[in-house]
Amino acid sequence: ILNVEQSPQSLHVQEGDSTNFTCSFPSSNFYALHWYRWETAKSPEALFVMTLNGDEKKKGRISATLNTKEGYSYLYIKGSQPEDSATYLCALSGSARQLTFGSGTQLTVLP
Amino acid sequence: GAGVSQSPSNKVTEKGKDVELRCDPISGHTALYWYRQSLGQGLEFLIYFQGNSAPDKSGLPSDRFSAERTGGSVSTLTIQRTQQEDSAVYLCASSLGNVKETQYFGPGTRLLVL
């Protein structure tokens, strides 16, 4: 059974601030770690898929790192904008194929 | 190209009625997944289809829930004799099937059971 925890549960930042959140997992017995961005009433949007220890991915102002040895992944947002407000989900895929999700971090960027 | 589509987007029903939720995956995707998010809960897996293989039903919460995938494409999730605890957002996702592939999600069906 895969376990995923995310922190913080919610976060308020000012426009222009940089921020980061954590996804932690007690076991590295998975094939891939996924980050999604989910805005209310929209489809969850895939941000990154990471598979190897030390992986770093970047998409615009958003980046992510993976450390399987210490059991965490960080998602960073540089220069937050109001349109970055969303719930950010971390999920693991293992031998069973389906995603096991954390409870998410709800980000609010104040103008 | 077209993404994953789901219908209806919203559904309000009375306790005890049956409901059907539809998912149209991305063309060419062999894997299809159903998830749901109940109020205050995280996203939880319900069922997974891969090609012509028998589906993985291990996440279905009760025998009132069933799903089928016709012709390896469209899928229908059926909930019989709905209960108030079935109220949730039901999300469908599809992928190319490899465990490291991205799963692409639809916008979901918001189900409210009165």
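This text follows the structure it describes.
Residues numbered from 1 in each chain as written. Chains lettered and ligands numbered in written order. Predicted model: local features only at pLDDT ≥ 70, side-chain atom pairs only at ≥ 80, totals over all residues. Heavy atoms only, no water.

Brief notes about the nonpolar core
Residues and elements named next belong to chain A. Cut-off, in case you're wondering: We call a set of buried residues a nonpolar core when its members are Ala, Val, Leu, Ile, Met, Phe, Trp, Tyr or Cys and they connect through side-chain atoms within 4.5 Å of each other. Only protein chains enter the calculation, and the probe is 1.4 Å; a residue is then buried if its accessible area is under 20% of its type maximum, exposed if over 50%, and partly exposed in between. To qualify as a helix, a DSSP run of H or I must reach at least 4 residues; to qualify as a strand, a run of E must reach at least 2; elements of each kind are numbered from the N terminus. Any two residues having at least one pair of non-hydrogen atoms within 4.5 Å are treated as being in contact.
In this structure, Leu33, Trp35, Leu75 and Tyr88 are the most contacted members of the largest nonpolar core, which totals 23 residues. Mapped onto this core, the elements with two or more residues apiece are β3 (19-24), β4 (32-38), β5 (45-50), β7 (62-67), β8 (72-77), β9 (86-93) and β11 (105-110). Here this core gets four residues from one element, more than from any other, and that element is β9. Those residues within four positions of tyrosine 88 in sequence are excluded, and the remaining contacts are Gln6, Phe21, Trp35, Tyr36, Arg37, Leu47, Leu75, Ile77, Gly104, Thr105 and Leu107.

Considering a nonpolar patch on the surface
Residues and elements named next belong to chain B. Here is the rule: The patches reported here contain residues having more than 30% relative accessible area and no salt bridge. Joining distances are 9 Å for like charges and 5 Å for nonpolar side chains (Val, Leu, Ile, Met, Phe, Trp, Tyr). To measure how exposed things are, a 1.4 Å probe is used in the Shrake-Rupley method; for residues, cover is taken only from the protein chains shown. Salt bridge, as used here, is a side-chain nitrogen of Lys or Arg placed within 4 Å of a carboxyl oxygen of Asp or Glu.
A surface patch of nonpolar side chains, amounting to about 280 Å² of accessible area, comprises Val12, Leu112 and Leu114. Here valine 12 shows up in strand β2 (residues 10-13). Owing to a relative accessible area of 53%, valine 12 belongs among the exposed residues under this scheme.

Observations regarding the state of the cysteines
Just so we agree on the cut-off: Two cysteine sulfur atoms form a disulfide, by the criterion used here, when they sit within 2.5 Å.
Under the criterion given, the structure shown has two disulfides over all chains. Residue pairing for Cys23(A): its cysteine sulfur links by disulfide to Cys90(A), the two sulfurs lying 1.9 Å apart. Note on the Cys23(A) and Cys90(A) pair: the S-S dihedral is about -60 degrees, so by sign convention the disulfide is left-handed. Taken together, the residues Cys23(A) in strand β3 and Cys90(A) in strand β9 connect sequence positions 67 residues apart. Each member of the pair, Cys23(A) together with Cys90(A), is buried. For Cys23(B), the disulfide goes to Cys92(B), at an S-S distance of 1.8 Å. The chirality of the disulfide connecting Cys23(B) with Cys92(B) is left-handed, given an S-S dihedral of about -60 degrees. Taken as a pair, Cys23(B) in strand β3 (residues 19-24) and Cys92(B) in strand β8 (residues 88-95) lie far apart in primary sequence, 69 residues in all. Here the two residues Cys23(B) and Cys92(B) agree in accessibility, since each one is buried.

What to know about the layout of surface pockets
Note the following rule: Buriedness for pockets is judged along seven lines, at least five of which must meet protein on both sides within 12 Å for an open set on the 1 Å grid over protein atoms alone, while cavities are sets there where a 1.4 Å probe fits but cannot get out, and lining residues have an atom within 4 Å of a point. Grid points are joined across faces, edges and corners, and a volume is the space filled by probe spheres set on the points. All amino acids are sorted into three groups, where Ala, Val, Leu, Ile, Met, Phe, Trp, Tyr, Cys and Pro are nonpolar, Asp, Glu, Lys and Arg are charged, and the leftover types, Gly among them, are polar.
In this structure, the largest pocket spans a volume of roughly 580 Å³. Looking at the largest pocket, it is lined by 22 residues, and the ones nearest its centre are Trp38(A), Thr87(A), Gln106(A), Gln37(B) and Gln41(B). Within the residue set of the lining of the largest pocket, elements represented by two or more residues are β9 and β11 of chain A together with β8 of chain B. Tallied by class, the residues present in the lining of the largest pocket amount to six nonpolar, 14 polar and two charged. Within this model, the second largest pocket holds a volume of roughly 350 Å³. Within the residue set of the lining of the second largest pocket, elements represented by two or more residues are β10 (99-101) of chain A together with β5 (43-50) of chain B. Here the residues of the lining of the second largest pocket are counted per class, giving seven nonpolar, eight polar and one charged.

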